[in-house]
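Architecture and fold: a report
Take a look at the letters that make up each chain.
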Amino acid sequence: MYVFQCENSLDGILTGVYDAWDSRLGHKNIQLSSDSCGEILLFHEYITVIPDLEKSQKVSRTLICRLGISFFEVICKCAMADGNCRKLTMDKANAVYQAIVMALALPEGAKVLEYLAEPCISCIFELCRQTNNEAHYMIEFLRFAELENGVLFSMIHPKNNVLPIVAEHFTDRFPLENFLLYDATHQIAAVHKASKHYMIVDAKDLNLDIINRYSQEEQEYRKLWKTFFETIAIEERINSKLQSHNIPKRYWRDTVELKSKLTRH
Amino acid sequence: MNYAADNQNLITNVYKNSAPAVSLSPTVMEKLKILTDAAKYDVACTSSGVDRGGDGTGIGNAKSCGICHTFAADGRCVSLLKILFTNECVFNCSYCQNNCTNDIPRATFTPEEICTLTIEFYRRNYIEGLFLSSGIIESPTYTMGLIYQAIYKLRTFYRFQGYIHVKAIPGADPVLIEKVGFLADRMSVNLELPTSDALKKLAPCKSRRTILTPMRQIQNGITENKNELMLYRKAPKFVPAGQSTQMIIGATPENDFQIMSVAEGLYQKFGLKRVFYSAFINVNQNPGLPALSSPPPLLREHRLYQADWLLRYYHFTVDELLSEDKPNFNIYLDPKCDWALRHLEYFPVEIGTADYKTLLRVPGIGAKSAKRIVKARRGSTLDFPDLKKIGVVLKRALYFITCSGRMMYPTKLDEDYICRSLLNDSSQIPREIREQGYRQLSLFDDVSFAAPGGNPLRCRERS
Ligand code: SF4
């Protein structure tokens, strides 16, 4: 068995797919792995994949043209997922590879995504679900604060690499705002300038000082929002378990209205 | 569109005298508190039903799945800035705290205040849009005019493209309702109570006719607009997210069968998108109504929502679920399980071959899983572990299905046996109810739930 070890990123995995295919070792003898610290097995030969933009783009183009854009999107979302999940029975990169091999062998390839009884497909389904769910949670629960300079700032802590999906949403929603979305987990940020498209940038040395200087009205609106939030609940129906079931506690820290409730308990 | 000039006239006509003088004008904070408190009993707060990208010139878009932004202490979703324009009211509906005989602090927003709050909350991603309702100030038409003015400003001056839900005020000038309909995403007229008798008793200023008239008008508007949109894709959209309504449950003695029949009628005859059910809370301590000390009928409300779901997405009819002889839902089992137990002749269902509609009727299989099953079995034969991954709730479904002719465990297709097994699964009692301990017990005091024979483990009365 040959194991192609790829970097845990879309480009890394797609380069892995390219190299594996190119190696002509026979699909049955190949596995991909995105997990650098996985256990090393005897009798397996390990091949390190160096991410290569050109190769990854070739694979993207092939996938889009032979299997359609929605198939490709599923693969992207899958690559964005964290992948360290006990529910999974297969490595992320390997699932992607196996699914592509299966799909390209069929006349209506994109349909393989519906064959949930296939191990690689159920794995892709699960990863994609993780990414979608978390992106949706972020879109729901992240909060912007207006800084002194009028820029809207938000800090998020997602497990999966969902920033592009979230940034896309807010670019459409706030075309005329300048905003900065900071993913503190992955140390990257999406920067959006009014009427432009957004850009993802490295944010390792983000100046955390600016983001604590709020505009004058900011505190005012936070207070108004908290008042609204406290008032809208119906006393006779108070149900904190239902509340934290619907908005899991790990998202509370980045909201305005629930943050203070975390420290109290 | 040449609405603008026209609109301006309308505003000046309707909104002659500036907002009524409030003696000690309260701050925006005080107003927000009063007018949120007054709006909180309205349960329709979803932001779903319309997909609209931003056009790049303003702020906002809309997602048809709806987006919740937080959950209040009662566990309910907060999606829209849900407020009243004013809590002044000339009417005296006895279930409502804004009723003119109540001595409570009153406040009225200005259109400008509503716009600023909406925009500033929206920019911070606190909300998905605005839900605007109102008490009746001066007259229904006057009130509707104020609402129109606020959302007109929000849509045109602020170029707000997020979600707007507006209450149509019964009795308001139809011209105004139509104009609002071209600005709002969703409109609703509250049915308030399931029967016209109950309405007469509790809301003497309202009548079935004044409520159903705007409902019909909006329905017709939506239908006409659909035809128009087929001809000109750019025609302005009228209430694109559809119409909804709400009924108060438990204030008056109607049974579930009556309530669900009303809901079914509304879906079929008025083309409603949603009917909401609101467990009654006696805010006015009105002696003629169920007391405040008794908890709101939450489990009943929950069962009605489940049944409502079955009507809208699972091709059930009310007659299949309830009847004159069995007019109320089983408190121990959800309506679908309850139905399945009374129709064991349809089961077990073979996963490999059953059609979509048949799968939908299996307890534990939802609409999504049913769709996935139909597709996935084209690729390979499905077994129980696969079903689990697909999202089927096996502990409920296992009594009713076979995979390649086999059941998951040897079980009996026997009503009492399955019923007992299902009840051992405590998730049958909805979690939010179960966890309220004492409240759950006191639900049994509710007359409509008293089980004849008093054996709580019997899942249904045999006649
Ligand atoms: S019309 Fe009736 S329900 Fe509406 S605010 Fe006035 S009293 Fe309340």
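Please read all numbers here as calculations on a predicted model, not as lab measurements.

Another point: the sheet that holds strand E8 (residues 274-279) of chain B. Residue and element names in this part refer to chain B. As summarised here, the arrangement of the six strands in space is E3-E4-E5-E6-E7-E8, forming an open sheet in which the pairing is parallel. On the outer flanks of this sheet lie strand E3 (80-84) and E8, each paired with one strand and no other. Neighbour to neighbour, the strand axes of the sheet diverge by 20 degrees on average, direction disregarded. Here strand E6 (residues 186-188) pairs with strand E7 (residues 243-249) via two bridges, running parallel. Looking at E7, one finds that Ser188 is bridged to Ser244. Running at roughly 155 degrees to E8, helix H8 (residues 256-270) makes contact with E7 and E8 of the sheet.

On to the environment of A:Leu208, then. Residue and element names in this part refer to chain A. Note on placement: Leu208 falls in the loop between strand E8 (198-202) and helix H7 (216-232). The partly exposed category is assigned to Leu208, whose relative accessible area is 44%. Residues Leu208 and Trp252 lie 44 residues apart in sequence; the distance between their C-alpha atoms is 21 Å.

This part is about the packing of aromatic side chains. Residue and element names in this part refer to chain B. Under the criterion given, the structure shown has 25 aromatic pairs over all chains. Relative to Phe238, the ring of Phe182 lies with its centre 5.1 Å away and its plane at 65 degrees, an arrangement referred to as edge-to-face. Of this pair, Phe182 sits in the loop between helix H5 (174-181) and E6 while Phe238 sits in the loop between helix H7 (208-231) and E7, and the two are 56 residues apart along the sequence. Residues Phe347 and Phe400 carry aromatic rings whose centres are separated by 5.1 Å and whose planes lie at 65 degrees to one another, so their mutual orientation is edge-to-face.

In terms of domain boundaries, chain A breaks down into domain 1 (2-134), domain 2 (142-215) and domain 3 (218-265). Once you take the C-alpha centre of each, domain 1 of chain A and domain 3 of chain A turn out to be 40 Å apart.

A word on the pattern of salt bridges. Taken as a whole and judged by the stated rule, the model has 34 salt bridges over all chains. When the shortest N-O distance is used, the salt bridge between B:Arg378 and A:Glu114 registers 4.0 Å. Of the two residues, B:Arg378 is situated in helix H13 (residues 367-379) and A:Glu114 in the loop between helix H4 (92-104) and helix H5 (119-141); the pairing between them involves two chains. B:Asp338 is paired through a salt bridge with B:Lys326; the nearest N and O atoms lie 2.9 Å apart. Taken together, the residues span a long stretch of sequence, with B:Asp338 in helix H11 (residues 335-342) and B:Lys326 in the loop between helix H10 (318-321) and H11 at a distance of 12 residues. Residue class for B:Asp338 comes out buried when judged on its relative accessible area of 2%. Residue class for B:Lys326 comes out buried when judged on its relative accessible area of 15%. Within the structure, one salt-bridge network assembled from shared partners comprises A:Glu146, A:Glu177, A:Glu218, A:Arg222, B:Glu120, B:Arg123 and B:Arg124.

Listed as interface residues are 54 residues of chain A and, on the opposing side, 67 residues of chain B. At the boundary of chain A and chain B, one finds eight salt bridges. Residue A:Glu146 is joined to B:Arg123 by a salt bridge in which the shortest nitrogen-to-oxygen separation is 2.7 Å. For the interface between chain A and chain B, the tally reads 23 residue pairs in polar contact (both at pLDDT 80 or more). Elements with a minimum of two residues in the side of chain A that touches chain B: H5, helix H6 (163-173), H7 and helix H8 (240-246) of chain A. Top element by residues in the side of chain A that touches chain B is H7(A). It accounts for 11 residues. Looking at the side of chain A that touches chain B residue by residue, the class counts come to 27 nonpolar, 11 polar and 16 charged.

What follows covers the pairing of strand E5 (residues 152-156) of chain A. All names here are of chain A. For E5, a buried count of four out of five residues is recorded, marking the element as mostly surrounded by other parts of the structure. Here strand E4 (residues 145-146) pairs with E5 via two bridges, running antiparallel. Across the sheet, residue Ala145 finds its bridge partner in E5, namely Phe153. Connecting E4 to the antiparallel partner E5 that follows it, the hairpin turn spans five residues, and Gly150 within it adopts a positive phi of roughly 85 degrees. Across five bridges, E5 lies against strand E6 (residues 179-183) in parallel orientation. Note on E6: the bridge partner recorded for Ser154 is Leu181. Crossover connection from E5 via H6 to parallel E6: handedness right-handed.

Attention now moves to the sheet that holds E6(A). In a beta sheet, neighbouring strands pair by backbone hydrogen bonds and run either parallel or antiparallel. Residues and elements named next belong to chain A. Here five strands make up an open sheet; going across it, the order is E4-E5-E6-E7-E8 and the pairing mixed. The outermost strands of the open sheet, each flanked by one partner alone, are E4 and E8. Here E6 pairs with strand E7 (residues 188-192) via five bridges, running antiparallel. Note that in E7 the partner of Leu180 across the bridge is Val191.

Quick look at helix H3 (residues 111-123) of chain B now. All names here are of chain B. In this model H3 runs 18 Å from its N-terminal to its C-terminal C-alpha over 13 residues, within 8% of the 18 Å that 1.5 Å per residue would give. Across the 13 residues of H3, 11 count as buried, placing the element largely inside the fold. Along H3, the positions that sit buried rather than exposed are Pro111, Glu113, Ile114, Cys115, Leu117, Thr118, Ile119, Glu120, Phe121, Tyr122 and Arg123. Asn125, located one to two residues past H3, shows a positive phi value of around 60 degrees.

Next up on the list: the nonpolar core. Grouped together as the largest cluster of nonpolar side chains are 200 residues, with contacts concentrated most on A:Leu181, B:Phe121, B:Met144, B:Met260 and B:Leu387. For this core, the element with the highest residue contribution is H5(A), accounting for 10 residues. In this structure B:Leu387 touches B:Ile351, B:Ile373, B:Leu382, B:Val392, B:Leu394, B:Ile401 and B:Cys403, once residues within four positions along its chain are discounted.

For the rest of this paragraph, the subject is the domain arrangement of chain B. When the domains of chain B are assigned, the result is domain 1 (7-248) and domain 2 (335-436). Averaged C-alpha coordinates put domain 1 of chain B and domain 2 of chain B at centres separated by 41 Å.

Right, let's talk about the pairing of E8(B) for a bit. All names here are of chain B. Most of E8 sits out of view: six of its six residues are buried. Covered by surrounding structure in E8 are Arg274, Phe276 and Ser278 together with Val275, Tyr277 and Ala279, the residues of both alternating faces. One ladder, built from six bridges, connects E7 with E8; its direction is parallel. When the bridges of E8 are listed, Gln246 appears paired with Phe276. This β-α-β element, E7 to H8 to E8, shows right-handed connectivity.

On to the state of the cysteines. Residues and elements named next belong to chain A. Evaluated as defined, the whole model comprises zero disulfides over all chains. Left unpaired, Cys6 is separated from the closest cysteine sulfur, that of Cys78, by 12 Å. Residue classification places Cys6 among the buried residues on the basis of a relative accessible area of 8%. The thiol sulfur of Cys128 is not disulfide-bonded, and the nearest other cysteine sulfur, from Cys78, lies at 6.3 Å.

Analysis parameters
Residues numbered from 1 in each chain as written. Chains lettered and ligands numbered in written order. Predicted model: local features only at pLDDT ≥ 70, side-chain atom pairs only at ≥ 80, totals over all residues. Heavy atoms only, no water. Pairing = 2+ DSSP bridges. Helix = DSSP H or I, 4+ residues; strand = E, 2+ residues; numbered from the N terminus. Axes fitted to C-alpha atoms, helices over the stretch in contact; angles between N-to-C directions. Contact = heavy atoms within 4.5 Å. Buried < 20%, exposed > 50% of the residue type's maximum accessible area, 1.4 Å probe, protein only. Phe/Tyr/Trp six-rings, centres within 6.5 Å; stacked < 30°, edge-to-face > 60°. Domains from an automatic or database assignment. Salt bridge = Lys/Arg side-chain N within 4 Å of Asp/Glu carboxyl O. Polar contact = N/O pair within 3.5 Å; in protein donor to acceptor, adjacent residues only side chain to side chain. Nonpolar A, V, L, I, M, F, W, Y, C, P; charged D, E, K, R; others polar. Right-handed = clockwise from strand over helix to strand, strands pointing away. Expected span 1.5 Å × (residues − 1). Core = buried A, V, L, I, M, F, W, Y, C linked by side-chain atoms within 4.5 Å. Disulfide = S-S within 2.5 Å.

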